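The residues making up each chain are set out below.
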Amino acid sequence: MTTTTTGSSALTGAVGTAHTRVEGLAKVTGAARYAGEIPFAELAHGWLVLSTVARGRIRSVAADPVLAMPGVLTVLHHGNAPRVEGDYMGPLGPPDPVLQLFQHDRVPYVGWPVALVVAETSEQAREAAEALTVEYDTEPHDVAFSAGRSGMHTPEGSAAGKGDLAAALAASAVVVEAEYTTPEEHHSPMEPHGATAHWDGGRLEVIDSNQGSRFVADELAKLFSLDADAVRVWSEHIGGAFGSKGTRVHAVGAVMAATVLHRPVRVVMTRRQMFTLTGYRSPTAQRVRLGADPDGRLRVLDHQADCQTSTVYEFMERSADFGRPLYDADAHHTVNRVVPLDVPTPTYMRAPGEAPGSFALESALDELAEKCGVDPIALRVRNEPVVGPLSGLPFSSRNLVACYEEGARRFGWADRDPRPGIRRDGRWLLGTGMAAATFPMLSAPSTAVVTAEADGTFTVRIAASDVGTGARTALTQVAADALEVSPERIRMRIADSSFGPAILAGGSMGTRSWAWAIITAAGELRERLALGGAVPPEGLTVRSDTSAAVGALAQTQKERYTFGSQFAEVAVDVSTGEVRVRRMLGIFAAGRIVNPLTARSQFIGGMTWGLSMALHEEATRDQASGGHVGADLAGYHFAANADVPHIEADWVDDPDPDDPVGIKGIGEIGIVGAAAAIANAVWHATGARQRHLPIRPDRVLRAAGGAPGA
């Protein structure tokens with residue numbers, strides 16, 4: 001076959017049009033197999049045993065009675081588990097010590113893995129795990145998080161600022177100072193975390209539900225002192241992740257057991273185990289001080305945020321970072337602090353930092369607008385920066401004001417009576433609110449392999465991960481346009497670590513980074529095809545690496561963000577405290593939208609989660625035991641279908657001129673600002689501020705009675 005091209009790399013067809021998911025039929029018919037469903041001969045099943053004490057040492061593990069139970073093959077614990085490497089630098093930095101599974105007798109928190117029981121069937125493994133007796137020497141523990149408590153510290157690089165706070169506050173005609181809190185929150189993706197490990201001809205193969213197969217493969221290679229090429233991880237279909245599916249202990253345990261037993265081993269977490277072992281969003285306590293002129297122009301923006309981490313690994317929820325690119329002020333200061341406690345390590349969760357940070361700052365902006373007698377949108381427009389407020393750098397693009405204008409038009413904001421507690425619908429008080437949203441625009445080096453096949457089709461191989469976002473379909477569209485062919489001629493293969501390095505799915509940078517690698521490879525392939533000649537039977541292949549291009553982009557010295565505006569209408573029954581969201585609208589400036597169908601779904605999913613964050617989600621930790629109360633989806637409430645109203649999401653034109661596709665990223669920003677918009681609408685309905693999430697009925701009733709809504 002001879003293939004010719006025009007020599008133009010312009011994207012002209014599939015990108016920007018709605019396409020159903022290329023794997024959609026396989027998913028709805030059940031043909032798509034997930035990590036816990038791949039069949040293997042002689043498959044054994046592992047069941048994790050977690051500590052029941054919050055701090056101490058393991059005194060003994062009574063393995064012998066369990067080993068005598070039907071089907072039990074082994075019990076791994078700190079006394080007999082294979083040794084793993086602990087001193088290395090992982091793909092995202094030093095590893096969380098929980099990955100050094102069963103290496104010592106220390107217990108730093110409730111739910112620390114202490115054993116893995118492996119049996120012929122999952123039922124036998126579970127029964128044996130529940131029968132295993134582990135004795136501990138306990139020590140006093142501390143799980144009490146609060147603002148400014150002892151032990152809180154400010155890590156290097158977590159504070160930024162300019163100007164004199166005291167002088168600017170003294171010069172401010174209007175001051176808002178308030179404290180806001182958000183609770184511990186959990187990802188709970190639909191598909192549990194699961195992995196199957198087996199050895200194949202001296203090579204370790206792992207089928208794992210994760211956000212980045214190459215990242216997991218690299219981590220496992222370092223843990224088990226293997227050559228990188230000796231580990232293959234793949235995960236074609238993922239049932240949700242949201243930040244929780246990096247390398248986790250289930251995969252490490254499966255590899256350990258497969259190594260000991262010389263047969264495939266599968267470990268799948270239970271829902272309750274996921275509440276402990278897969279990370280979570282730390283609770284936050286935030287103080288916001290705003291000072292302004294009478295017309296609302298900011299003189300002071302002071303945002304301080306506290307969060308928690310474990311005693312064994314430091315992870316920070318950087319809530320105070322949210323306002324750094326949004327508003328300018330003469331004195332602009334932000335600081336994040338963290339305290340180590342006897343709790344599991346938090347991790348990335350959709351819009352880490354921005355989700356809780358936006359609730360606090362955007363609520364405070366609404367309070368300032370009320371005090372100044374200025375419309376909340378007008379206040380935000382008045383404080384739009386021309387350049388980065390702290391960096392002084394230009395923005396790559398910033399179309400936030402257009403989001404305000406389009407959102408206000410479609411939501412009917414001009415008809416809003418700014419006075420609270422005025423509108424009624426029978427027993428319901430009605431209110432509307434809004435908030436701004438932003439999230440950093442990130443990109444990372446990735447590689448891709450594109451092959452022109454002899455039959456006229458093209459195969460794309462990239463270690464991308466489609467965690468349910470539709471990334472596989474979007475990349476198919478990008479490849480089709482880059483190769484100037486129809487999407488039907490593209491065969492997209494993803495989520496296999498053997499395809500080469502690629503950034504994981506996270507930080508709204510996956511599709512942007514992967515698309516860049518695909519376009520680069522496709523462009524070179526088209527140039528080679530343009531020279532003429534037949535494609536050989538084995539195909540013609542080109543590999544790309546965007547490391548140099550991404551590095552050059554970082555040198556352009558610009559602030560790069562997505563932006564958006566959130567609007568919400570609520571109904572509040574002050575006799576019962578019930579809050580119902582009636583409608584939501586989000587308008588986003590998020591670069592070029594590759595697939596409007598899946599993009600709108602992403603935005604709406606994030607906004608729904610923001611509703612859930614505002615009204616429902618709250619994990620409670622028992623101070624006496626150190627563990628969760630109700631660590632399941634019965635005790636941990638989230639928005640169900642009946643809670644979700646009419647939600648609209650749309651966007652304004654906002655391409656990034658420095659990106660080959662113009663993509664900015666959409667996975668995170670949908671949740672940002674949504675909870676604040678709802679909280680501001682509750683104030684507009686009732687006249688009482690809600691500064692603590694979730695907005696439970698008891699808090700609404702307490703606020704209606706004149707007490708703080710704590």
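Residues numbered from 1 in each chain as written. Predicted model: local features only at pLDDT ≥ 70, side-chain atom pairs only at ≥ 80, totals over all residues. Heavy atoms only, no water.

Asker: Even after reading the chapter, I still don't get the sheet that holds strand β4 (residues 106-107), so can you show me in this structure?
Answerer: Hydrogen bonding along the main chain pairs the strands of a sheet, whether they run parallel or antiparallel. With respect to topology, 3 strands assemble into an open sheet ordered β4-β2-β6, the strand pairing being antiparallel. Both edges of this open sheet fall to β4 and β6 (133-138), since each of them pairs with a single strand only. (Pairing = 2+ DSSP bridges. Helix = DSSP H or I, 4+ residues; strand = E, 2+ residues; numbered from the N terminus.)

Asker: What should I look at first to understand the nonpolar core in this one?
Answerer: Nonpolar side chains in soluble globular proteins tend to be buried together. Within the largest apolar cluster, 84 residues are counted, with the highest numbers of intra-cluster contacts made by Leu290, Tyr327, Leu368, Val570, Met584 and Ile678. Each residue touching Met584, except ones within four places of it in the same chain, is listed here: Phe567, Ala568, Met607, Leu611, His646, Ile647, Glu648, Ala674 and Ile678. One finds Val53, Ala81, Val233 and Ala254 within the second-largest nonpolar core, a separate group that totals 61 residues. (Core = buried A, V, L, I, M, F, W, Y, C linked by side-chain atoms within 4.5 Å. Buried < 20%, exposed > 50% of the residue type's maximum accessible area, 1.4 Å probe, protein only. Contact = heavy atoms within 4.5 Å.)

Asker: Looking at this structure, I do not really get the packing of aromatic side chains. What am I missing?
Answerer: The relation between two aromatic rings is expressed through the spacing of the ring centres and the mutual angle of the planes. Summed over the entire model, instances satisfying the criterion amount to 11 aromatic pairs. A centroid spacing of 6.3 Å and a plane angle of 70° characterise the contact between Phe395 and Phe563, whose relative ring orientation is edge-to-face. Placement of the pair is Phe395 in the loop between α9 (376-382) and α10 (400-411) and Phe563 in strand β22 (residues 561-573), with a sequence separation of 168 residues. Residue classification places Phe395 among the buried residues on the basis of a relative accessible area of 13%. The side chain of Arg398 reaches across the aromatic face of Phe395, ending 4.7 Å from its centre. Positioned above the aromatic ring of Phe411 is the side chain of Arg583, whose terminal nitrogen or guanidinium carbon lies 3.8 Å from the ring centre. (Phe/Tyr/Trp six-rings, centres within 6.5 Å; stacked < 30°, edge-to-face > 60°. Lys NZ or Arg CZ within 6 Å of the ring centre and 35° of its normal.)

Asker: Sorry if this is basic, but what is going on with the sheet that holds strand β8 (residues 174-182) here?
Answerer: Taking strand neighbours across the sheet as the criterion, the 5 strands line up as β7-β15-β14-β13-β8 in an open arrangement whose pairing is mixed. Because the sheet does not close on itself, it has two edges, and the strands there are β7 (159-162) and β8. For this sheet the average axis-to-axis angle between neighbouring strands, irrespective of direction, equals 10°. When strand β13 (residues 284-292) meets strand β14 (residues 298-310), the two strands line up antiparallel, connected through 8 bridges. Bridge pairing links Gly291 to Val300 in β14. Along the sheet, helix α8 (residues 354-372) makes contact with β8, β13 and β14, crossing β8 at roughly 150°. (Axes fitted to C-alpha atoms, helices over the stretch in contact; angles between N-to-C directions.)

Asker: Mind showing me how you'd approach the pattern of salt bridges here?
Answerer: A side chain with one charge can pair with a side chain of the opposite charge if their charged atoms come near. Overall, the coordinates contain 56 salt bridges when judged by the stated rule. For Glu184, the salt bridge is made with Arg621, and the minimal N-O distance between the two is 3.2 Å. Of this pair, Glu184 sits in the loop between β8 and β9 (194-200) while Arg621 sits in strand β24 (residues 620-621), and the two are 437 residues apart along the sequence. Look at Glu184 and you get buried, because its relative accessible area is 5%. For Arg621, a relative accessible area of 12% gives the class buried. Measuring nitrogen to oxygen at the nearest pair gives 3.2 Å for the salt bridge that ties Asp658 to Lys558. Taken together, the residues span a long stretch of sequence, with Asp658 in the loop between β26 (646-651) and α15 (674-686) and Lys558 in the loop between α13 (547-554) and β22 at a distance of 100 residues. (Salt bridge = Lys/Arg side-chain N within 4 Å of Asp/Glu carboxyl O.)

Asker: Would you mind showing me how to read unusual backbone geometry here?
Answerer: Negative phi is the rule for most residues except glycine; trans is the rule for most peptide bonds. The step from Leu693 to Pro694 runs through a cis peptide bond, and the omega angle for that step is -5°. Relative to the elements of secondary structure, Pro694 occurs in the loop between α15 and α16 (697-704). The phi torsion at Phe102 lies on the positive side, around 55°, for a residue other than glycine. One can find Phe102 in the loop between β3 (72-77) and β4. The phi torsion at Ser225 lies on the positive side, around 55°, for a residue other than glycine. Locating Ser225 in the fold gives a position in the loop between α5 (213-223) and β11 (231-234).

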